[in-house]
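Tertiary structure, described
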Amino acid sequence: MKTHKINGVMPFSALIEACWREPYNAQRFVKDIIAGITVGIIAIPLAMALAIGSGVPPQYGLYTSAVAGIVIALSGGSRFSVSGPTAAFVVILYPVSQQFGLSGLLLATLMSGVFLLLMGLARFGRLIEYIPLSVTLGFTSGIAITIGTMQIKDFFGLHLEHVPESYLMKVAALAQALPTISWADTLIGATTLAVLILWPRLGLRLPGHLPALLAGTAVMGIFALFDTHVATIGSRFSYLLADGTQGQGIPPILPQFVLPWNLPSGNGQPLALSWNTLTALMPAAFSMAMLGAIESLLCAVVLDGMTGKKHNSNGELIGQGLGNIAAPFFGGITATAAIARSAANVRAGATSPISAVIHSLLVILALLVLAPWLSFLPLAAMASLLLMVAWNMSEAHKVVYLLRRAPKDDIIVMLMCMSLTVLFDMVIAITVGIVLASLLFMRRIARMTRLSVLSESAETSTLMLRVSGPLFFAAAERIFSEMLVQSEDYDTIVMQWDAVPVLDAGGLNAFQRFVEALPEGKQLIITDIPFQPLKTFARARIAPISGKLAFFSTLPEAVKHLNESVAS
């Protein structure tokens, strides 16, 4: 069967593979329904909590799961991925929403979708393999620390007039606000968190998010009997419908089509759509796209390991791009594949992207039916959900293992990425982390390039050496400098290159300067040159120089030539 491809990338690849090329029957549909409902129960409270953490009312998290969840599931490249708002984005979205308002956040999301679409069309999907584990673990742990810190205010019911943007200032402000602690909020948060921690030990298939929220709400009900005020979604957030209807909490309506730039910005007025605005949002949009690409492809790799299936990395980027382009026109914030929800989708028996679509339909149903009830959820309980998400995201066991077992270079990179993510932002952390990891890796590889003596003869004034490892810019200068010192007392130098896999421009330049520096009467012989270095020599038009530079196919041929020269 022929399928249309865009720039070598198959759109809707997961849907085609799971529901067209493989027989899709009623039995598989029932499994997808069960999995979709299971994930939907998890997604509803998390979507609201993540929207609140991102600085916008909770319904926009539900809109994201509903709209982006459907578009990405149908058009993406991973059949088991479930997309929506994720914790990793909170540290990027919150500053944008505070500075530019909801309209700026939606416009940045739209721009990030364009970036993701271009990445997929340019076939950047495989580039995820070049980001080291120490970098990904460092910035995800840093994000987890930041998210956890942001939940302290609602978990303890602290009163802060203004939350500083700087992490250190934020910690100082929270410490100063500790005397305003609300024991009612704290007990609600602690109860919710305890249920989240203990629930998996019961071995029940029902996810613990809903029972935890119910437990926290029950504690709030007990405090309500004593007229103790507790912050809830309804007490903090309000809405105004097009017909002038006002209400508290979440509006019980479907996502409405809207132009993102017509919504209120940071100053309460519609956003001025201009080049200056786009330029100001560009760094945040690029950060969203990079993080969305990394997280969605990491999620797809995890799911491949769980199921034995293969994802289409470029198709997944295209799907993520289309989802983030469509969602802002319905109030959806940035979305990507959520590893925890996607893993739950697989464990619940999902067989195709249809389960993710059903999860989104359940979110829409919750908007229409449960909106009045969702407004009673306490913010301390929502903060507990995010604290648990942050803990799972931190992958503390992997961090501890890496600190104990990994080479020092990887530990340095991880701690650097973690610190920069917490103190500055993710883009700086990833950029510095990749550059630092690359430099340390090159140093490690350069140290592997060695020069060993095969034989030396004072009678024939011949030194035979073997080079092992790549002769690239970081190693070539050292190798030829060592060889210059070792060969000082010999007239003939024989170098065996059978273990030199790579010769780059830097290595070629060092080689040429070494040959030029050879004194009159000293000869260099190269043998056993592999294909890549030989090709580099050919492109540079390196040719034998009588009495100075010679080449032989093998070391025995060079030895035979030297013996014949001595004999004659």
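Residues numbered from 1 in each chain as written. Predicted model: local features only at pLDDT ≥ 70, side-chain atom pairs only at ≥ 80, totals over all residues. Heavy atoms only, no water.

What to know about the UniProt feature "transmembrane region" (unreviewed entry) in the protein chain
The feature "transmembrane region" (unreviewed entry), as annotated in UniProt, sits at residues 33–53, 100–118, 130–152, 172–198, 210–231, 280–303, 361–391 and 411–441 in this numbering. When the span residues 172–198 is considered, its composition is 78% helix and 0% strand, and the gap between its end C-alpha atoms is 32 Å. This span, residues 280–303, is 100% helix and 0% strand, and a straight line between its end C-alpha atoms measures 36 Å. (UniProt positions renumbered as here; feature names shortened; annotations may be inferred. Helix = DSSP H or I, 4+ residues; strand = E, 2+ residues; numbered from the N terminus.)

Examining the domain arrangement of the protein chain
Segmenting the protein chain into domains produces domain 1 (13–407) and domain 2 (449–567). One C-alpha centre belongs to domain 1, the other to domain 2, and the line joining them spans 59 Å. (Domains from an automatic or database assignment.)

A closer look at the pattern of salt bridges
As enumerated under the stated definition, the model contains 11 salt bridges in all. With a closest N to O distance of 3.7 Å, E22 and K309 form a salt bridge. Here E22, found in the loop between helix 1 (13–21) and helix 2 (26–53), pairs with K309, found in the loop between helix 11 (275–307) and helix 12 (313–326); they are 287 residues apart in sequence, far enough to count as distant. Of the residues examined, E22 reaches a relative accessible area of 24% and is grouped as partly exposed. Note that D409 is salt-bridged to R443, the shortest N-O span being 3.1 Å. Here R443 lies in helix 19 (residues 426–448) and D409 lies in helix 18 (residues 408–423), a separation of 34 residues in the sequence. Assessed through its relative accessible area of 11%, D409 is described here as buried. Beyond isolated ion pairs, a larger network of salt bridges with shared partners links E22, R79 and K309. (Salt bridge = Lys/Arg side-chain N within 4 Å of Asp/Glu carboxyl O. Buried < 20%, exposed > 50% of the residue type's maximum accessible area, 1.4 Å probe, protein only.)

As for the environment of D425
Here D425 is to be found in the loop between helix 18 and helix 19. Using a relative accessible area of 35% as the deciding quantity, one classes D425 as partly exposed. The sequence separation of D425 and F139 amounts to 286 residues, and the corresponding C-alpha distance is 9.1 Å.

Brief notes about the side chain of T64
In this structure, T64 sits in helix 3 (residues 59–75). Residue T64 is classed as buried on the basis of its relative accessible area of 0%. Once you skip the residues sitting within four places of it in the chain, T64 turns out to touch G69, G84, P85, G332, I333, T334 and A335. (Contact = heavy atoms within 4.5 Å.)

Considerations on the packing of helix 18 against helix 19
Across the interface, helix 18 lies against helix 19 with an axial gap of 8 Å and an inter-helix angle of 165°. Here helix 19 runs roughly antiparallel to helix 18, going by the angle between their axes. Like other packed secondary-structure pairs, helix 18 and helix 19 cross with a definite hand, here right-handed. Contact residues: helix 18 offers D409, D410, I412, V413, M416, C417, L420 and T421, while helix 19 offers M426, I428, A429, V432, G433, L436, A437, L440, R443 and R444. Here the contact of helix 18 with helix 19 is built from residues that sort into 12 nonpolar, 2 polar and 4 charged. (Axes fitted to C-alpha atoms, helices over the stretch in contact; angles between N-to-C directions. Parallel < 35°, antiparallel > 145°, perpendicular 65-115°, else oblique. Left-handed = near helix turned anticlockwise from the far one by under 90°. Nonpolar A, V, L, I, M, F, W, Y, C, P; charged D, E, K, R; others polar.)

Quick look at the nonpolar core
Judged by nonpolar contacts, the single largest core of 92 residues is most densely connected at M48, L62, I143, I233 and M288. Counting residues per element, this core draws most heavily on helix 4 (residues 90–121), at 15 residues. Excluding anything up to four places from it in sequence, I143 contacts A87, A88, V91, L291, M393, T421 and M426. (Core = buried A, V, L, I, M, F, W, Y, C linked by side-chain atoms within 4.5 Å.)

Details of the sheet that holds strand 8 (residues 523–527)
The 5 strands are arranged 5-6-7-8-9 in an open sheet whose pairing can be described as mixed. A strand with exactly one partner marks an edge of an open sheet, and here the two such strands are strand 5 (450–457) and strand 9 (549–552). Taken pair by pair, the neighbouring strands of this sheet meet at an average axis angle of 20°, ignoring direction. Pairing between strand 8 and strand 9: 4 bridges, direction parallel. (Pairing = 2+ DSSP bridges.)

Focus: the packing of helix 20 (residues 473–486) against helix 21 (residues 505–517)
It is the contact of helix 20 with helix 21, at a shortest axis distance of 7 Å, that shows an interaxial angle of 20°. Classed by the angle they form, the pair helix 20 and helix 21 counts as roughly parallel. Handedness of the crossing formed by helix 20 with helix 21: right-handed. Where helix 20 abuts helix 21, its residues F473, A476, E477, F480, M483 and L484 lie against G506, G507, A510, F511, R513 and F514.

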